[in-house]
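Residues per chain, in single letters:
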Amino acid sequence: DAKTTQPNSMESNEEEPVHLPCNHSTISGTDYIHWYRQLPSQGPEYVIHGLTSNVNNRMASLAIAEDRKSSTLILHRATLRDAAVYYCILRPPQGGSEKLVFGKGTKLTVNP
Amino acid sequence: DTAVSQTPKYLVTQMGNDKSIKCEQNLGHDTMYWYKQDSKKFLKIMFSYNNKELIINETVPNRFSPKSPDKAHLNLHINSLELGDSAVYFCASSDRAVGNTIYFGEGSWLTVV
């Protein structure tokens, strides 16, 4: 399974943007970059995913480096509810391995 | 309506007992999973079923036996519970044909005493 590297923890202030980095230098050409987050005492939830181009949705934006060896999850205005552990995960294309391999993730603390 | 629901949410039981955790999804997905999150918060896949067929079994002790009566249900039965089985167990589902997004339940907190 391809590996990702994330900082153990990050801190932000409410209503400020947050940039969560992820390194994946061994990514294969067909791997998608997925982000999930786990709020306290809840199951993980999907945030966003992308392949090569930057992606936006109602929750966040995903910026993918041109060489695809790193990516950044962007929360445009952090709220207290965004405090969670954020996981960056590589997945093969649709129809590939069903596994979602979680690393340690980044624990995001949002200060009021 | 909860998309992926698990019962019970909390379970405290003695060593040696046998217990089951049930999972149901109402998303029409064809693939279901069980994940385990231990005290160090690592999330690891245990099993995956596609259309009631086992497709992933990640070196889990034989005391753990998943059962999928239909595509919408995946239950986890654990025999002879041990202290080390204490963890949070998450059920999840996805649709292979649509994409790779996986939807998780809220977890079942198992404590073995």
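J.: Break down the overall build of chain B for me, citing the residues and quoting the values.
T.: Check the secondary structure of chain B and you find zero helices and 11 strands. In sequence order, chain B lays out its α and β elements as β-β-β-β-β-β-β-β-β-β-β. The C-alpha radius of gyration of chain B comes to 13 Å, within 12% of the 13 Å expected for a compact globule of 113 residues. Oriented by its inertia axes, the alpha-carbon framework of chain B measures out at about 40 × 25 × 25 Å. Each of the 113 residues in chain B was classed as buried or not, and the buried ones make up 47%. Partitioning the contacts of chain B with sequence separation of at least 6, the portion at a separation of at least 24 is 54%.

J.: With reference to specific residues and values, describe the pattern of salt bridges.
T.: For the structure shown, the criterion picks out six salt bridges over all chains. Ionic pairing is found between Arg 63 of chain B and Glu 82 of chain B, a salt bridge with its closest N-O pair at 3.4 Å. With a gap of 19 residues between them, Arg 63 of chain B in the loop between β6 (53-57) and β7 (64-70) and Glu 82 of chain B in the loop between β8 (73-78) and β9 (87-94) connect regions that are remote in the sequence. The exposure class assigned to Arg 63 of chain B is buried, which follows from its relative accessible area of 15%. Several salt bridges share partner residues, and in doing so they unite Arg 37, Glu 45 and Asp 82 of chain A into one network.

J.: Just give me the short version of the sheet that holds β7 of chain B, but keep the residues and values in it.
T.: Residues and elements named next belong to chain B. Strand order across the open sheet formed by four strands is β1-β3-β8-β7, with antiparallel pairing between neighbours. Strand pairing shows two members of the sheet lacking a second neighbour, β1 (4-7) and β7, which therefore form its edges. Direction aside, the axes of adjacent strands within the sheet are offset by 20 degrees on average. As paired strands, β7 and β8 are joined by five bridges and run antiparallel to one another. Within β8, the position partnered with Pro 66 by the bridge is Leu 76.

J.: Account for the sheet that holds strand β1 (residues 9-13) of chain A, naming residues and giving values.
T.: All names here are of chain A. An order of β1-β9-β8-β3-β4 is seen for the five strands of this open sheet, with the pairing classed as mixed. Either end of the sheet is taken by a strand with one partner, and the two such strands are β1 and β4 (45-50). Averaged over all adjacent pairs, the angle separating strand axes in this sheet is 25 degrees, with direction ignored. Note that strand β8 (residues 84-91) and strand β9 (residues 106-111) share three bridges and pair antiparallel. Note on β9: the bridge partner recorded for Val 85 is Lys 107.

J.: Can you tell me about the environment of Ser 68 of chain B, naming the residues and giving the values?
T.: Residue and element names in this part refer to chain B. Looking at where Ser 68 falls in the secondary structure, it is placed in strand β7. Once the C-alpha coordinates of Ser 68 and Lys 22 are considered, the two residues, 46 residues apart in sequence, prove to be 10.0 Å apart. Apart from residues lying up to four places away in sequence, Ser 68 is in contact with Tyr 49, Lys 52, His 73 and Leu 74. Reaching out from Ser 68, the side chain makes a polar contact with the backbone oxygen of Asp 70 at a distance of 3.1 Å. Among the polar contacts made by the side chain of Ser 68, one reaches the main-chain carbonyl oxygen of His 73 at a distance of 3.0 Å.

J.: Explain the interface of chain B and chain A residue by residue, including any values.
T.: On the chain A side, the residues contacting the 25 residues of chain B number 19 residues. Between chain B and chain A the total buried area reaches about 1,700 Å² when both faces are included, carbon and sulfur atoms providing 54% of it. Inspection of the chain B/chain A interface yields zero salt bridges. For the pair chain B and chain A, the number of links is two residue pairs in polar contact (both at pLDDT 80 or more).

J.: Before we move on, could you go through the nonpolar core and cite the residues and values that matter?
T.: In terms of nonpolar packing, the biggest core is built from 21 residues, with Leu 20, Ile 33, Trp 35, Leu 73, Leu 75, Tyr 86 and Leu 108 of chain A touching the most fellow members. If you list the elements that add at least two residues to this core, you get β2 (18-23), β3 (32-38), β4, β6 (61-64), β7 (70-75), β8 and β9 of chain A. With four residues, the single largest contributor to this core is β8 of chain A. Of all hydrophobic cores here, the second largest spans 20 residues; its members include Leu 74, Ile 78, Tyr 89 and Cys 91 of chain B.

About the thresholds
- Just so you know, the residues in each chain are numbered from 1, in the order the chain's sequence is written.
- Chain letters and ligand numbers both follow the written order, the letters beginning at A and the numbers at 1.
- Restriction of local features to residues with pLDDT of at least 70 applies here, the model being predicted, together with a cutoff of 80 or more for giving and counting side-chain atom pairs; totals for whole chains, interfaces and linings are based on all residues.
- Side-chain metrics in this entry use all non-hydrogen atoms of the structure; hydrogen atoms and water are not considered.
- Secondary structure is summarised from DSSP: a helix means a run of H or I of at least four residues, a strand means a run of E of at least two, and numbering begins at the N terminus for each.
- When we talk radius of gyration, it's over C-alpha atoms, and the globule rule is simply 2.2 Å times the number of residues to the 0.38.
- Relative accessibility decides the category of a residue: with a 1.4 Å probe and only protein chains considered, values under 20% of the type maximum give buried, values over 50% give exposed, and everything between is partly exposed.
- By definition, residues are in contact when any of their heavy atoms lie within 4.5 Å.
- Salt bridge, as used here, is a side-chain nitrogen of Lys or Arg placed within 4 Å of a carboxyl oxygen of Asp or Glu.
- Any two strands with at least two DSSP bridges between them are considered paired.
- Between the N-to-C directions of two axes lies an angle of 0 to 180 degrees, each axis being a line fitted to C-alpha atoms and, for a helix, fitted only over the stretch in contact.
- Contacts described as polar in this section are N or O atom pairs within 3.5 Å, which, within protein, must combine one atom able to donate a hydrogen with one able to accept it, while residues neighboring in sequence count only if both atoms come from side chains.
- Summed over both partners, the accessible area lost on bringing two parts together, with a 1.4 Å probe, is the buried area.
- Take the buried Ala, Val, Leu, Ile, Met, Phe, Trp, Tyr and Cys residues and link them wherever side-chain atoms come within 4.5 Å; each set so joined is a nonpolar core.

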